[in-house]
Amino acid sequence: MTKSKIVLITGASQGIGRACATAFLDAGHHVVLAARGRAGLEAVAQTAPERSLVHPCDVTDPEAVDGLFAAIGERYGRLDVVFNNAGISLPATEIADITWEDWRRVVSVNLDGAFLIARGAFAMMRAQTPRGGRIINNGSISAHVPRVGSVPYTASKTAITGLTRTLSLDGRKHDIACGQIDIGNAASDMTEAMQKGVPQADGSLRPEPVMDVAHVGDAVLHMADLPP
């Protein structure tokens, strides 16, 4: 990118979020690192502490998310890019055996959290001068080709596609672009089990290949530099 931007990444303490945060910091950007645990965020910030803002945040808590955007406004006065990444999943489980609590836990992080982050980002980008920015949502291949036993995760990620498409329309008049990346099996803590074997549609248990998570960081960095 040609100039330094203010970037917010959720779920930044590990996996995909950490790889993307590192990619943006290495490229010279200012990065707001958000996740529940401070220790993991501070480890990521060591890449470039002078350009990092560590802000622990539970994305399912509206007040915590409001506090996150207040901190961004106080520190930087604007926001250029958001990678809406925080997400969780469950082990493969048929719907009849999924508890309400587990359903709500996955949907709360993957969908409610994505909504709250997008809402806060949209409001800031719409009001700032110069206005506008980019929201990048982390979807999933599972929204198109789901795995067996993945109802909460697949439903939540399918909803992210609807969120992305609507934001891309609503943001046009405010110079806010919204896109989505459906990653698949990037090597991370969430996909560690895939290398050992996961349930397949034919009833078998087979390992699946994974890709280097650094490639995801490169892709999201590229998306952030695309024209609106």
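Predicted model only: the values in this text are computed from it and were never measured.

Enquirer: Whenever I open this one, the overall build of the protein chain confuses me. Can you help?
Expert: Helix and strand counts for the protein chain stand at six helices and eight strands. Starting at the N terminus, the α and β elements of the protein chain follow one another as β-α-β-α-β-α-β-α-β-α-β-β-β-α. Its C-alpha atoms give the protein chain a radius of gyration of 17 Å, near enough to 17 Å, the size a compact globule of 228 residues would have. Considering only C-alpha atoms, the protein chain reaches an extent of 55 × 35 × 30 Å along its principal axes. For the protein chain, the proportion of its 228 residues judged to be buried stands at 49%. A fraction of 64% describes how many contacts in the protein chain between residues 6 or more apart in sequence connect residues 24 or more apart. Of the roughly 11000 Å² of accessible surface on the protein chain, a fraction of 54% belongs to carbon and sulfur atoms. Within the protein chain, the 24 negative side-chain charges are centred at a point lying 7 Å from the centre of the 21 positive side-chain charges.

Enquirer: Please clarify how the sheet that holds strand β6 (residues 176-181) should be interpreted in this entry.
Expert: Strand order in the open sheet formed by six strands is β3-β2-β1-β4-β5-β6, with parallel pairing between adjacent strands. Two strands bound the open sheet, and with one partner strand each, they are β3 (52-54) and β6. Here the strands of the sheet are splayed against their neighbours by 15° on average, with no regard to which way each runs. Where strand β2 (residues 30-34) meets β3, three bridges bridge the pair, whose relative direction is parallel. Directly across from V31, in β3, lies its bridge partner S52. Lying on the sheet, helix α1 (residues 15-26) is in contact with β1 (6-10), β2, β3, β4 (81-84) and β5 (133-138); it crosses β1 at an angle near 165°.

Enquirer: How should the environment of G197 be read in this particular structure?
Expert: Mapped onto the fold, G197 is located in the loop between β6 and β7 (198-199). Along the sequence, G197 and P227 sit 30 residues apart, while their C-alpha atoms lie 40 Å from each other. In contact with G197, not counting residues within four places along its chain, are L205, R206 and P207.

Enquirer: Explain helix α5 (residues 151-170) here, please?
Expert: With 20 residues, α5 should reach 28 Å at 1.5 Å per residue; the first-to-last C-alpha distance of 29 Å fits that figure. The inward-facing, buried residues of α5 contact α4 (100-127), β5 and β6.

Enquirer: I keep staring at the side chain of N137 and nothing clicks. Help me out?
Expert: Tracing the backbone shows N137 in strand β5. N137 gets classed as buried once you look at its relative accessible area, which sits at 0%. Discounting chain neighbours no more than four positions away, the residues touching N137 are N84, I160, L163, T164, L167, C178, G179, Q180 and I181.

Enquirer: Hey, could you run me through the packing of α4 against α5 in this one?
Expert: Each pair of packed helices can be summarised by the angle the axes make with each other and by the distance between the axes. For the pair α4 and α5, interaxial distance at closest approach is 8 Å and the crossing angle is 15°. The orientation of α4 relative to α5 falls into the category roughly parallel. Every pair of crossing elements has a handedness; the one defined by α4 and α5 is right-handed. Residues W103, V106, N110, L111, A114, F115, A118 and F122 of α4 lie in contact with α5, whose contacting residues are V151, P152, Y153, A155, S156, K157, A159, I160, L163, L167 and D170. Residue composition of the contact of α4 with α5, grouped by class: 15 nonpolar, two polar and two charged.

Enquirer: How should the environment of N110 be read in this particular structure?
Expert: Tracing the backbone shows N110 in helix α4. Judged by its relative accessible area of 1%, N110 falls in the buried class. Taking the C-alpha atoms as reference points, N110 and G67, separated by 43 residues in sequence, lie 19 Å from one another. Within the structure, the side chain of N110 is placed 2.8 Å from the backbone nitrogen of I88, a separation counted as a polar contact.

Enquirer: Help me understand the packing of α1 against helix α6 (residues 213-224) in this model?
Expert: Interhelical geometry of α1 versus α6 gives an angle of 55° and a closest axis separation of 8 Å. Looking at the two axes, α1 sits oblique to α6. The handedness of the crossing between α1 and α6 is right-handed. Across the interface between the two elements, G15, I16, A19, C20, A23 and F24 of α1 pack against V213, V216, G217, V220, L221 and A224 of α6.

Calculation criteria
- Residues numbered from 1 in each chain as written.
- Predicted model: local features only at pLDDT ≥ 70, side-chain atom pairs only at ≥ 80, totals over all residues.
- Heavy atoms only, no water.
- Helix = DSSP H or I, 4+ residues; strand = E, 2+ residues; numbered from the N terminus.
- Rg over C-alpha atoms; globule rule 2.2 N^0.38 Å.
- Buried < 20%, exposed > 50% of the residue type's maximum accessible area, 1.4 Å probe, protein only.
- Contact = heavy atoms within 4.5 Å.
- Areas by Shrake-Rupley, 256 points an atom, 1.4 Å probe, with all protein chains shown as cover.
- Lys, Arg positive; Asp, Glu negative; His and termini not counted.
- Charge placed at Lys NZ, Arg CZ, Asp CG, Glu CD.
- Pairing = 2+ DSSP bridges.
- Axes fitted to C-alpha atoms, helices over the stretch in contact; angles between N-to-C directions.
- Expected span 1.5 Å × (residues − 1).
- Parallel < 35°, antiparallel > 145°, perpendicular 65-115°, else oblique.
- Left-handed = near helix turned anticlockwise from the far one by under 90°.
- Nonpolar A, V, L, I, M, F, W, Y, C, P; charged D, E, K, R; others polar.
- Polar contact = N/O pair within 3.5 Å; in protein donor to acceptor, adjacent residues only side chain to side chain.

This is a description of form; function is not addressed.
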